[in-house]
Amino acid sequence: MDREEMCKLRLAKWLHKNYENLSEKHSWETQERCRTSFEDLPEENKKVMMDMAKRIIKTLQIQHHLHLVNNLFNVRKCPSCGSEKTVRINRYQVECESCRWKGDDGN
Ligand SMILES: [Zn+2]
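Not measured: the values here are computed from a predicted model.

A. Structural view of the overall build of the protein. On a plain count of helices and strands, the protein comes out with two helices and three strands. What you see in the protein, going N to C, is helices and strands ordered as α-α-β-β-β. Whereas a compact globule of 107 residues would reach a radius of gyration of roughly 13 Å, the protein reaches 21 Å, over 25% beyond that. Counting across all 107 residues of the protein, residues that qualify as buried make up 10%. Summarising the internal contacts of the protein: among those between residues at least 6 apart in sequence, 30% fall at separations of at least 24.

B. How the structure looks around the packing of helix α1 (residues 3–25) against helix α2 (residues 43–72). Running from amino to carboxyl end, α1 crosses α2 at an angle of 115°, the nearest separation of the two axes being 8 Å. Overall, the two elements α1 and α2 adopt an arrangement that is roughly perpendicular. Seen from above, α1 lies across α2 with right-handed handedness. For the pair α1 and α2, the contacting residues are C7, K8, L11, A12, L15 and H16 in the first and M49, M50, M52, A53, K54, I56 and I57 in the second.

C. Region of the structure containing the environment of R10. Structurally, R10 is set in helix α1. Classification of R10 by C-beta neighbours within 10 Å gives exposed; the count is 12. When the C-alpha atoms of R10 and A53 are compared, they prove to be 8.6 Å apart, with 43 residues separating the residues in sequence.

D. Unusual backbone geometry, seen in detail. Even without being glycine, S27 reaches a positive phi, approximately 55°. Residue placement: S27 occurs in the loop between α1 and α2.

E. Inspection of α2 at higher detail. In a regular helix each residue adds 1.5 Å, so 30 residues correspond to 44 Å; α2 covers 43 Å between its end C-alpha atoms and thus fits that length. Of all the 30 residues making up α2, two are buried; the element is thus mostly uncovered.

F. The arrangement of the sheet that holds strand β3 (residues 102–104) in detail. A sheet is described by the order of its strands in space; here three strands give the open sequence β1-β2-β3, paired in antiparallel fashion. Single-partner strands in this sheet number two, and they are β1 (86–88) and β3. Averaged over all adjacent pairs, the angle separating strand axes in this sheet is 35°, with direction ignored. Sheet topology note: the β1/strand β2 (residues 93–96) ladder contains three bridges and is antiparallel. In the sheet register, V87 faces β2, and the bridge partner there is E95.

G. Region of interest: the domain arrangement of the protein. When its domains are assigned, the protein resolves into domain 1 (3–73) and domain 2 (76–107). For domain 1 and domain 2, the distance between their C-alpha centres works out to 35 Å.

H. Quick peek at the pairing of β2. Because side chains alternate across β2, one face comprises the buried residues V94 and C96, and the other comprises Q93 and E95, none of which is buried. In this antiparallel pair of consecutive strands, β1 and β2, the connection spans four residues. Bridge count for β2 against β3 is three bridges, and the pairing is antiparallel. Note that in β3 the partner of E95 across the bridge is K102. Joining the antiparallel neighbours β2 and β3 is a turn of five residues, in which R100 adopts a positive phi near 70°.

Parameters and conventions
- Residues numbered from 1 in each chain as written.
- Predicted model: local features only at pLDDT ≥ 70, side-chain atom pairs only at ≥ 80, totals over all residues.
- Helix = DSSP H or I, 4+ residues; strand = E, 2+ residues; numbered from the N terminus.
- Rg over C-alpha atoms; globule rule 2.2 N^0.38 Å.
- Buried ≥ 20, exposed ≤ 12 C-beta atoms within 10 Å, placed from the backbone.
- Contact = placed C-beta atoms within 7 Å.
- Axes fitted to C-alpha atoms, helices over the stretch in contact; angles between N-to-C directions.
- Parallel < 35°, antiparallel > 145°, perpendicular 65-115°, else oblique.
- Left-handed = near helix turned anticlockwise from the far one by under 90°.
- Expected span 1.5 Å × (residues − 1).
- Pairing = 2+ DSSP bridges.
- Domains from an automatic or database assignment.

Here is the structure:
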């Protein structure tokens, strides 16, 4: 099993455990055959959890990459209007070209 599979499996187990715990907390009745350890789940249910894990990991990876790219090019979302048109005005501050918000660059 490679590293990615391992991450997926760990996250899938975590999702299953937390889904069951939270369901109990909120009195949501899950299927009887799903109230068991991850290993003993029906195969189809395991596949759903593994695919959920895959999607979460992919989404986080994309967001992480976007964050890195934004940092690289000094793009920062304006906290006031949400625009990505912020420009550095000096060593410490950025300004929004849309709403003229000025602030710390956060680095
Ligand atoms: Zn703005």
